[in-house]
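Topology and contacts: notes
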Amino acid sequence: MQTFDVVVIGAGPAGYIAAIRAAQLGLSTACIDNWKEPGGHYALGGTCLNVGCIPSKALLESSENYERVQHRFKVHGITASGVKLDLAAMLERKDRIVKKMTGGIAGLFKKNKVTWLQGHGRLLQGGTSWKLEVKGAKGAETVEAKNVIIATGSKPRHLPGVPVDNKLVCDNEGALAFQEVPERLGVIGAGVIGLELGSVWRRLGAKVRILEALPEFLGAADPAIAQEAWKIFTDEQGLDIALGVKIGDIRQSKKGISIQYNTSDNSSNTFDCNRLVISIGRVPNSESLGAENVGLKIDSRGFIEVDKNCRTALPRVFAIGDVVRGPMLAHKGEDEGVMVAEIIAGQRGHVNYDAIPWVIYTAPEIAWVGKTERQLKEEGVAYRSGKFPFAYNGRALGRDEPEGFIKMLADAKTDRILGVHAIGGQASELIAEAVVAMEFGASSEDIARICHAHPSMSEVMREAALSVDKRSLNG
Ligand code: FAD
Ligand code: NAI
């Protein structure tokens, strides 16, 4: 029986990073994963690399270029005629990027001497060490581990009674691989996936309608950002979003799919479409893990129970990433992976859950870190707020990205930055400055005093900081 210091179950961003960090720290490490790519071969990288972050961002970039060349080049004095969409080539590019990235992890495992165990992992028995079963193409084997890290991730939540075939009715997997642009696309759920993938197919020519149960748009974002995003996505870009809907019958026929839904005024509506994407959140992968064999605690929503350091109640068993509480974000899982590997190696691991950035890769992008204005109000925190638009920034105008703004919230007494919220071009990159500032406990004045390159989009961050003290210089 093979014995390891650490066995990780799951090779998504949480698990593969945990495995690499553990190996870097001199621990003999194996990582079990059961993901198979469409060709039937085992592939590393989990949801993120195979059907999540990476392929969606590839398609977002391609579709944004398609939209720009058609509609936004004119302003630069460039007219393009005969612009054609080669969807097959676009999908191939996405698949090549995925393959390169997943293959890259296999290379990293080799380099760091992480043993890749292909198949389904399950806890069998505890004691002074843990026994795990790995069931793969060649049958089942048992391995032994001093420490176990569970990083089994999550899967899409489906609607009861609506089977997903990933052809007509899809979750993220099918929605990343339509072989033709659907004429009419229905999307249930105006969350992150609905907005990102809805944007992709709208840009490529589909008539998209997004049906959202909640009456409020983007409830997790700062209200000012959500308001601006609503204006841009619906009024300017023509994304059709209905809020406060209750989904009724979903019927499939040869012609397509018919979705019946009620709106908040109780009127009944129907949307007929050629494809449907269901993006109503994700659920943790915690079943068939052998939890019952060892007494691993799983809460009523399926999340493995852990403390702030991702320890389960079982000795030397940790759980990280989407399968535990907290935002379902790749970088949150990665940081937990590093923390846990370092704790196992006797170091002090740490994740600052207050400084985890969120990014929605629409155009314009949305990004934030820290508290929203609504949260501060609810918590009774006295704060000051500053906001600066991209429309006053020379680089943003040069890039033809005048939409949006950055808003900074700082403690009224200490001036410490409590939250930064951005909607605009490059927001995904700009937010990094705010994350660093918050990690270092910076004040808005600190950002206001730092020299920012001119002309650059980052000047908007500085102006937002200056405007907390009502002294922005360019607006
Ligand atoms: P996963 O990536 O889900 O990996 C878990 C792995 O464990 C999988 O390979 C699974 O097959 C394997 N596994 C499960 N059970 C077992 C078992 N018993 N034995 C063996 N193997 C097992 N996040 C971002 O931060 N940025 C983004 O831009 C972003 N975009 C996204 C876009 C889409 C369309 C989707 C769906 C998600 C996106 N996410 C994004 C979320 C991100 O993908 C997840 O937060 C992240 O993948 C979670 O990582 P993880 O390692 O916890 O789990
Ligand atoms: P989500 O939680 O972001 O959004 C789901 C939406 O569906 C919510 O607005 C919810 O109110 C709505 N909803 C739920 N049930 C419904 C119903 N019956 N009818 C209509 N609407 C309903 O989940 P989503 O978009 O599926 O994404 C899952 C997760 O994946 C995200 O929460 C995020 O953690 C991660 N992700 C991250 C991305 C990023 O970081 N850029 C991109 C894509 C996904």
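Parameters at a glance
Residue indices begin from 1 for each chain and proceed along its sequence in written order. All chains are assigned letters beginning at A, and all ligands numbers beginning at 1, according to the order in which they are written. For this predicted model, a pLDDT threshold of at least 70 governs which residues receive local features, and a threshold of 80 or more governs which side-chain atom pairs are given and counted, while totals over whole chains, interfaces and linings are taken from all residues. Water and hydrogen atoms play no part in the side-chain values, which are based on all heavy atoms of the structure. Boundary definitions for the domains trace back to an automatic or database domain assignment. Accessible area that two parts lose when put together, evaluated with a 1.4 Å probe and summed over both, is termed the buried area. Note on definitions: salt bridges are taken to be side-chain nitrogens of Lys or Arg within 4 Å of carboxyl oxygens of Asp or Glu. Proximity criterion: a residue is near a molecule or strand once any of its heavy atoms comes within 4 Å of it. For this analysis, a polar contact is any N or O atom pair within 3.5 Å, provided that within protein one partner can donate a hydrogen and the other can accept it, and provided that sequence-adjacent residues contribute only side-chain to side-chain pairs. Note on areas: Shrake-Rupley with a 1.4 Å probe; residue coverage comes only from the protein chains shown. Only DSSP runs of H or I reaching four residues or more are called helices, and only runs of E reaching two or more are called strands; each is numbered from the N terminus. Throughout, the ten residues Ala, Val, Leu, Ile, Met, Phe, Trp, Tyr, Cys and Pro are labelled nonpolar, Asp, Glu, Lys and Arg are labelled charged, and all others, Gly among them, are labelled polar. Interaxial angles span 0 to 180 degrees and are taken between N-to-C directions of axes, which are lines fitted to C-alpha atoms, for helices over the stretch in contact. Rotating anticlockwise by less than a right angle from the far helix to the near helix defines a left-handed crossing, while the corresponding clockwise rotation defines a right-handed one. Here, two residues are considered to be in contact whenever any of their heavy atoms come within 4.5 Å of each other. Each residue's exposure class comes from its accessible area (1.4 Å probe, protein chains only) as a fraction of the maximum for that residue type: buried when under 20%, exposed when over 50%, partly exposed otherwise. Residue types Ala, Val, Leu, Ile, Met, Phe, Trp, Tyr and Cys, when buried and joined through side-chain atoms within 4.5 Å, form a set referred to as a nonpolar core. Multiplying one less than the number of residues by 1.5 Å gives the expected span of a helix.

Description of the domain arrangement of the chain
Accessible area lost during the coming together of the parts is what is often quoted as the interface size. Along its sequence, the chain is carved into domain 1 (2–156 + 283–351), domain 2 (170–280) and domain 3 (355–468). Taken over both partners, the interface formed by domain 1 and domain 3 buries close to 920 Å², and the fraction arising from carbon and sulfur atoms is 58%. Counting the surface domain 1 buries against domain 3, the share from its top three residues, Arg 68, Arg 72 and Leu 329, is 38%. For the salt bridge of Arg 72 with Glu 403, the shortest nitrogen-to-oxygen distance reads 3.1 Å.

Points about the site of ligand 2
Neighbouring ligand 2 are 23 residues, the closest being Ile 193, Glu 212, Gly 281, Met 328 and Val 359. A distance of 3.1 Å separates an oxygen atom of ligand 2 from a polar backbone atom of Val 192. Residue Met 328 places a main-chain N or O atom 2.6 Å away from an oxygen atom belonging to ligand 2. For ligand 2, whose free accessible area comes to 840 Å², the fraction covered by protein is 77%. Secondary structure elements with two or more residues in the shell around ligand 2: helix H6 (192–203) and strand E18 (358–360). Per-element accounting of the shell around ligand 2 gives the leading share, 3 residues, to H6. Of the residues in the shell around ligand 2, the class split is 14 nonpolar, 4 polar and 5 charged.

Some thoughts on the packing of helix H3 (residues 53–72) against helix H4 (residues 87–112)
Where H3 contacts H4, the axes come no closer than 9 Å and their chain directions differ by 145°. In this structure, H3 meets H4 at a crossing whose hand is right-handed. On H4, the residues that touch Ile 54, Pro 55, Ala 58, Leu 59, Ser 62 and Ser 63 of H3 are Met 90, Leu 91, Arg 93, Lys 94, Ile 97, Val 98 and Met 101. When the residues that make up the contact of H3 with H4 are grouped by side-chain class, the tally is 9 nonpolar, 2 polar and 2 charged.

Examining the pattern of salt bridges
Inspection of every chain in the model, using the stated rule, returns 28 salt bridges. For Glu 67, the salt bridge goes to Arg 202, with nearest N and O atoms at 3.0 Å. Placement of the pair is Glu 67 in helix H3 and Arg 202 in helix H6, with a sequence separation of 135 residues. Since its relative accessible area comes to 13%, Arg 202 is described here as buried. Measuring nitrogen to oxygen at the nearest pair gives 2.9 Å for the salt bridge that ties Arg 384 to Asp 469. Taken together, the residues span a long stretch of sequence, with Arg 384 in strand E20 (residues 383–389) and Asp 469 in the segment after helix H14 (459–468) at a distance of 85 residues. The exposure class of Asp 469 is partly exposed, given its relative accessible area of 37%.

Quick notes on the nonpolar core
Looking at soluble globular proteins, one finds that nonpolar side chains tend to be buried together. Grouped together as the largest cluster of nonpolar side chains are 39 residues, with contacts concentrated most on Leu 218 and Ile 366. Put simply, the parts of the chain that give this core at least two residues each are H3, H4, strand E9 (184–188), H6, strand E10 (207–211), helix H7 (223–236) and strand E19 (365–370). What Leu 218 contacts, discounting residues up to four positions off in sequence, is Ala 190, Leu 195, Ala 226, Ala 229, Ile 360 and Ile 366. With 33 residues, the next largest nonpolar core counts Tyr 16, Ile 17, Val 114 and Phe 318 among its residues.

Description of H7
Along its 14 residues, H7 runs 19 Å from first to last C-alpha, staying within 8% of the 20 Å computed at 1.5 Å per residue. Where H7 is buried, its residues contact H6, strand E11 (240–242), E19, strand E21 (405–411) and strand E22 (417–424). Positive backbone phi, approximately 80°, marks Gly 238, located one or two places after H7.

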